[in-house]
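Structure at a glance
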Amino acid sequence: MENAPIIDGFNRPITYLRVSVTDRCDFRCTYCMAEHMQFLPKADLLTLEELDRLCSAFVGLGVRKLRVTGGEPLVRRNIMSFFRAMSRHLGQGLDELTLTTNGSQLARFAEELAEIGVRRVNVSLDTLDADKFAAVTRWGRLPQVLGGIAAAKAAGLRVKINTVALKGFNEDELFRLVDWCAENDHDMTFIEVMPMGEIEGEDRLDQYWPLSDLRRRLQERVELTPLTERTGGPARYFRIEETGQKLGFITPLTHNFCESCNRVRLTCTGELFMCLGQEDRADLRAALRASDDDAIVADAIRAAIARKPKGHDFDYSRGIGGQMTRHMSHTGG
Ligand code: SAM
Ligand code: SF4
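Here's what I pulled together on the structure shown here. (Residues numbered from 1 in each chain as written. Chains lettered and ligands numbered in written order. Predicted model: local features only at pLDDT ≥ 70, side-chain atom pairs only at ≥ 80, totals over all residues. Heavy atoms only, no water.)

A word on unusual backbone geometry
Unlike most non-glycine residues, Arg138 shows phi in positive territory, near 60°. Inspection of the secondary structure puts Arg138 in the loop between α4 (130-137) and α5 (142-154). (Helix = DSSP H or I, 4+ residues; strand = E, 2+ residues; numbered from the N terminus.)

Right under this line is the structure:
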């Protein structure tokens, strides 16, 4: 069963929903959160039933891919009931149900995720050095995450490693990380650090390592062939000719990908962000709680998508004032 997608004002079909199911996390990555975060009051969060109702409405409106993220999605209590509920749409409008996770809870949940039809998982991993891992995540422990990744692989899930490129932090591990992914048959994507939220003591400009530089360094040792594949997002893909490995590069600040953007983002409080780089949002929680009528929710979604802007607004040159004031953990990255 296919549902016709909503087409926004710039002729882009919206087929991909990223949903943040919690703003909480068991890590405190330095580029993402302050050590002492003020989290949202529980009453503000959508319940799992409300998330189900809203995400199902999106599937009914032509969304074909759903990525569950956070915060750390797997720390939300009873989150597997939500995954299970969403899996009923697989093959019934939804092509793919997937998640982005820090991997800390994967050993517990990998088999169940595979069983309900999740095929791929993105796991964030910025370093293979245990001390550096503890430093960058503050609360994370590397062996636990490596165990989670191994469990995911053993359960038959395809693992993609997401690595944030951080100046002076993982520059020296570039080849080690790429080789480790090749050895373990993981796809890999590098992410350029983005100016999201203000974190005391951290300056994202200090951490900024442009992927153009990272790529140049890779090319000193390997041959990279650009692939034509695009996903409607900020990722560009290359193949390492020596190994056949596929590498993704997410450079939201230096590349313009907006004309093919196919996605919207839902926060755990039911705000819909039509663009990661803009502040405009629609309050879908109000529509959801106003009535049991799903037609009202569908109308609110349509009206929001009609406002989706043409492009994003990131600009480091404007300094702090030009930064987005919300954290990645709010919109789910
Ligand atoms: N907790 C999960 C995780 O870490 O994968 C899911 C949520 S996390 C916000 C999603 C992705 O955003 C992760 O790959 C993380 O590394 C990335 N991220 C967080 N803050 C970022 C920032 N300021 N710039 C670029 N990527 C960031
Ligand atoms: Fe948590 Fe993911 Fe943010 Fe790290 S990047 S603090 S794991 S939400």
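What about the pairing of strand β11 (residues 246-250)?
With four of its five residues buried, β11 lies for the most part within the structure. Inspection of the sheet shows strand β8 (residues 187-192) paired to β11 by four bridges, in the parallel sense. Counterpart to Met188 in the pairing with β11 is Leu247. When strand β10 (residues 235-240) meets β11, the two strands line up antiparallel, connected through five bridges. Each bridged residue has a counterpart across the sheet, and for Tyr237 the counterpart in β11 is Gly248. Turn length for the β10-β11 hairpin, with the two strands adjacent in sequence and antiparallel, is five residues, and the turn residue Gly244 shows positive phi of about 80°. (Buried < 20%, exposed > 50% of the residue type's maximum accessible area, 1.4 Å probe, protein only. Pairing = 2+ DSSP bridges.)

Remarks on the site of ligand 2
Around ligand 2 sit Cys25, Phe27, Cys29, Cys32, Met33, Gly71 and Asn102, and that is every residue in its neighbourhood. A breakdown of the residues in the shell around ligand 2 according to their chemical character gives five nonpolar, two polar and no charged. (Near = heavy atom within 4 Å. Nonpolar A, V, L, I, M, F, W, Y, C, P; charged D, E, K, R; others polar.)

Let's talk about the sheet that holds β10
Here twelve strands make up an open sheet; going across it, the order is β9-β10-β11-β8-β7-β6-β5-β4-β3-β12-β13-β14 and the pairing mixed. Among the strands making up the open sheet, the edge pair consists of β9 (224-226) and β14 (281-283). Within this sheet the neighbouring strands show an average axis-to-axis angle of 25°, counted without direction. Note that strand β13 (residues 271-273) and β14 share three bridges and pair antiparallel. (Axes fitted to C-alpha atoms, helices over the stretch in contact; angles between N-to-C directions.)

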